[in-house]
Amino acid sequence: MSEQFHQQIDGYLENLAHLRREAWPEVGEPTIDHPFGETTVTRYLRSWAAQRPEHAAIIHHGRRVTYAELDRASDRVAAHLAHRGFAPGDRAAVMMPNCPQFIIAFFGILKAGGVHVPVNPMFRREEINYELVDSGATFAFILDEVAAEFGIGSEGTAVTEVIASANTDFLPDGEALPRGMATGVPPTAGSTRFLSLLDRDDLPVPADPDDPDALAALNYTGGTTGMPKGCEHTQADMLYTALTGGQLGFGGGPDTVSLVFVPIFWIAGEDAFLVALVNGGTCVLHYRWDAQEVLESIDEHQVTAMAGTVDSYLELLDTAAGSEYSLASMEAPVTMSFVTKLTVEIRERWARETGAPGIIRESSYGMTEDHTLDTFTLGLQKDDADLRGRPGFTGLPMPGTDVAIVDFETGELVPPGGEGQIIVRCPSMMRGYHNRPEATAETLRDGWLHTGDIGSIDETGALHYLGRTKEMLKVNGMSVFPSELEHLFSRHPHVAACGVIGVADPKKGQVPVAYIQLDADARSRVGAEDLLAWCRDHMATYKIPRVVVIDEMPLAPTGKVSKVGLEKLAASSELR
């Protein structure tokens, strides 16, 4: 970092702190309360289980899991792992969609002193294999519905035991299944059954880890080069995020009822259930988004908080119109402007049609590298200033977090009002990228996370996010990195060269487009449809690009694929 930065950073931060004190909303003091001390999230679970054992921790499509049950079930997972030779520091993969089994496995792994490695259940075999090999996972928790792909993807890895569960294991008998849930899936051959772990009470439970700073999770994120990288996080990171998110993100506490439909294998979903459970509230967990099912849950369970896209809130309003179900319990409707942006008109419509006390507002700024909740917007909606001012308002930094703007080229500090790279310093920042010392050194410099994102700080000290790095695409709110797709295409036996760019899409925000140059002997017999069929077997559905076969790849003077050249091709062909 520049010499100017080191000379001026203290005064720069002091000035921002003054601005933020003046702008601080009436939501309490800028401090974070630790009701059970600065310890591990597993001890917070134990504390809530002792204090309110019969309170609902999780409600999943009619199945109620109390704090006592969650604590006991995760104890038995930890006991089984220890019995099978799983030692502190060992890795366990969890490849499940939203279900109580995921959360039970999560806490069980942490109680055993292990490292939680969430794996996207939409992944295909090569993506699975990459994360299992990179993380060194020795145990895996899966749902039967992903067993076939996982079985192929886990070949040649260190996984020695697969613990499998049916998606109906934590659903009430006789109840209708959530829409989209697979049925009739046979049990995973050769697996240990998840419910058998919970039935055993004869194994000793290992002592709780007492070091909140020990490695506890590898949360994989994409990057601008190569394959995804594992962000090394600790229970201390999780606790800070959960407490700040509970106290300032949603502004609730033990009486909060939070509906979670965002995928909990992603860091934002992990934060969502941690915010609920670390603060003693209830997580109403949905298998996936379904507007009718979510509407009914909000009404039945008197949900107070939810995080979703603007599009999901609009669909919810449309579904509720003229129905018998009410959204009036919503105190903290938090949104993310991925495709459709939050506007004053949408805010006014939400207030008018729901009668709910909560103002719909943007969520926060953050990345997987810093556990995602760096800022808050609670109480900052006076006169709709957050929506009427400069775009990209993401609020004030959480207590204990510093945010600054620096010039991309020189690293010099940029004063309020100017644009530059967002850098962050916070208690929940990753310790580094797993097995990636060079990438770590590039991203973490002098204790600051260099995000690569463009932003600005306004006259109140609030952060405005102005855009991601040029490489990353947002497809329906999900991150897709061209370099990762290019890396995957490089494994195709007939692909000589590949370049991936993003193009605007009215429904998805952006979509990836892959330009493919084939080997000379394959050009007459391999086409775009063949390549798309290959994509369906080798990458998650949301990553599958539009495919354009070209005779010759445009190259930059350096010999690399020219993205400018590809963008000209896209413009000239008017891709849709």
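None of these values were measured; they are calculated from a predicted model.

Analysis parameters
- Residues numbered from 1 in each chain as written.
- Predicted model: local features only at pLDDT ≥ 70, side-chain atom pairs only at ≥ 80, totals over all residues.
- Heavy atoms only, no water.
- Helix = DSSP H or I, 4+ residues; strand = E, 2+ residues; numbered from the N terminus.
- Buried < 20%, exposed > 50% of the residue type's maximum accessible area, 1.4 Å probe, protein only.
- Contact = heavy atoms within 4.5 Å.
- Phe/Tyr/Trp six-rings, centres within 6.5 Å; stacked < 30°, edge-to-face > 60°.
- Axes fitted to C-alpha atoms, helices over the stretch in contact; angles between N-to-C directions.
- Parallel < 35°, antiparallel > 145°, perpendicular 65-115°, else oblique.
- Left-handed = near helix turned anticlockwise from the far one by under 90°.
- Patch = residues over 30% accessible without salt bridge, like charges linked within 9 Å, V, L, I, M, F, W, Y side chains within 5 Å.
- Areas by Shrake-Rupley, 256 points an atom, 1.4 Å probe, with all protein chains shown as cover.
- Salt bridge = Lys/Arg side-chain N within 4 Å of Asp/Glu carboxyl O.
- Core = buried A, V, L, I, M, F, W, Y, C linked by side-chain atoms within 4.5 Å.
- Polar contact = N/O pair within 3.5 Å; in protein donor to acceptor, adjacent residues only side chain to side chain.
- Pairing = 2+ DSSP bridges.
- Right-handed = clockwise from strand over helix to strand, strands pointing away.
- Lys, Arg positive; Asp, Glu negative; His and termini not counted.

**Some remarks on the environment of Asp-237**
With respect to the helices and strands, Asp-237 occurs in helix 8 (residues 235-249). Judged by relative accessible area, which is 0%, Asp-237 ranks as buried. Separated by 22 residues in the primary sequence, Asp-237 and Leu-215 place their C-alpha atoms 9.9 Å from one another. Sequence-distant contacts of Asp-237, that is, excluding residues within four places in its chain, are made with Glu-232, His-371, Pro-427, Ser-428, Met-429 and Arg-431.

**Considering the packing of aromatic side chains**
Under the defined criterion, the tally for this structure stands at 15 aromatic pairs. Note on Phe-36 and Tyr-44: the rings are 5.2 Å apart at their centroids and 80° apart in plane angle, and the pair reads as edge-to-face. Judged by its relative accessible area of 25%, Phe-36 is partly exposed. When the centroid spacing of 6.3 Å and the interplanar angle of 75° are considered together, the rings of Phe-141 and Phe-194 count as edge-to-face.

**Remarks on the packing of helix 2 (residues 41-51) against helix 3 (residues 67-83)**
For the pair helix 2 and helix 3, interaxial distance at closest approach is 8 Å and the crossing angle is 135°. Looking at the two axes, helix 2 sits oblique to helix 3. Here helix 2 and helix 3 pass one another in a crossing that is left-handed. The residues of helix 3 that touch helix 2, namely those facing Leu-45, Arg-46, Trp-48 and Ala-49, are Tyr-67, Ala-68, Leu-70, Asp-71, Ser-74 and Asp-75.

**Describing a nonpolar patch on the surface**
A cluster of nonpolar residues, Phe-408, Ile-454 and Leu-466, forms a patch on the protein surface that exposes about 220 Å² of accessible area. Tracing the chain through its elements places Phe-408 in the loop between strand 17 (402-406) and strand 18 (419-425).

**So, the nonpolar core**
Counting residues in each nonpolar core, the largest one holds 89 residues, and the members touching the most others are Leu-70, Ile-103, Phe-107, Phe-141 and Phe-273. It is helix 4 (residues 100-111) that contributes the most residues to this core, eight residues altogether. Once residues within four sequence positions are removed from consideration, Leu-70 is found in contact with Leu-45, Ala-57, Ile-58, Val-65, Ile-103, Ile-104, Phe-107 and Leu-277.

**Details of the side chain of Asp-134**
Secondary-structure assignment places Asp-134 in helix 5 (residues 125-135). What makes Asp-134 buried here is its relative accessible area of 12%. Engagement of the side chain of Asp-134 in a polar contact is seen with the side chain of Arg-436, the distance being 3.2 Å. When neighbours within four sequence positions are excluded, Asp-134 is seen to be in contact with Tyr-220, His-434, Asn-435 and Arg-436.

**Points about the pairing of strand 10 (residues 257-260)**
Residues Val-257 and Leu-259 line one face of strand 10 and the alternating positions Ser-258 and Val-260 line the opposite face, and both faces are buried. Looking at chain direction, strand 10 and strand 11 (residues 282-285) are connected through four bridges and run parallel. Residue pairing in the sheet places Leu-259 in a bridge with Val-284 of strand 11.

**Overview of the pairing of strand 12 (residues 305-309)**
Most of strand 12 sits out of view: four of its five residues are buried. In terms of strand pairing, strand 10 meets strand 12 through two bridges, oriented parallel. Residue pairing for strand 12: Ser-258 is matched across the bridge by Ala-305. Pairing of strand 12 with strand 13 (residues 332-336), which is carried by five bridges, proceeds in the parallel orientation. Residue pairing across strands places Gly-308 opposite Thr-335, the latter belonging to strand 13. Chirality of the crossover, the property in question, places the unit of strand 12, helix 11 (residues 310-320) and strand 13 among those that are right-handed.

**A short note on the pattern of salt bridges**
Enumeration over the complete set of coordinates arrives at 30 salt bridges. With a shortest N-O distance of 2.6 Å, Asp-71 and Lys-111 are connected by a salt bridge. In this pair, Asp-71 is assigned in helix 3 and Lys-111 in helix 4, connecting sequence segments 40 residues apart. In this structure, Glu-419 engages Arg-390 in a salt bridge whose closest nitrogen and oxygen atoms are separated by 2.4 Å. Of the two residues, Glu-419 sits in strand 18 while Arg-390 sits in the loop between helix 13 (385-388) and strand 16 (393-397), which places them 29 residues apart along the sequence. Relative accessible area serves as the criterion here: at 48%, Glu-419 is assigned to the partly exposed category. Each of Arg-46, Asp-71, Asp-75, Lys-111 and Asp-208 takes part in salt bridges that share partners, so that together they form one network.

**A closer look at unusual backbone geometry**
Backbone geometry places Thr-372, a non-glycine residue, at a positive phi of 80°. Within the secondary structure, Thr-372 sits in the loop between strand 14 (361-362) and strand 15 (375-376). The backbone of Asn-476 shows a phi angle near 55°, a positive value even though the residue is not glycine. When you line up the elements, Asn-476 lands in the loop between strand 22 (473-475) and strand 23 (478-480). Residue Asn-476 is classed as partly exposed on the basis of its relative accessible area of 42%.

**Quick word on the sheet that holds strand 14**
The strand order across the open sheet formed by seven strands is 2-1-11-10-12-13-14, and the pairing between neighbours is mixed. Two strands in the sheet have a free side with no partner beyond their single neighbour: strand 2 (63-66) and strand 14. Alignment of strand 13 against strand 14, held across two bridges, turns out to be parallel. If you follow Thr-335 over to strand 14, its bridge partner there is Glu-362. This element, helix 4, spans strand 1 (56-60), strand 2 and strand 11 of the sheet and lies at about 145° to strand 1. Relative to the sheet, helix 11 contacts strand 12 and strand 13, its axis offset from that of strand 12 by approximately 110°.

**As for the side chain of Lys-474**
Mapped onto the elements of the fold, Lys-474 is located in strand 22. Buried within the structure, Lys-474 lacks any salt-bridge partner; Asp-453 is the closest side chain of opposite charge, at an N-O distance of 9.0 Å. Separated by 3.4 Å, the side chain of Lys-474 and the backbone oxygen of Gly-477 make a polar contact.

**What about the packing of helix 4 against helix 9 (residues 267-278)?**
Across the interface, helix 4 lies against helix 9 with an axial gap of 12 Å and an inter-helix angle of 75°. As the angle between them shows, helix 4 and helix 9 are arranged roughly perpendicular. The segment helix 4 lies against helix 9, with Phe-102, Ile-103, Phe-106 and Phe-107 engaging Glu-270, Phe-273, Leu-274 and Leu-277.

Function-wise, these values are silent; they only describe arrangement.
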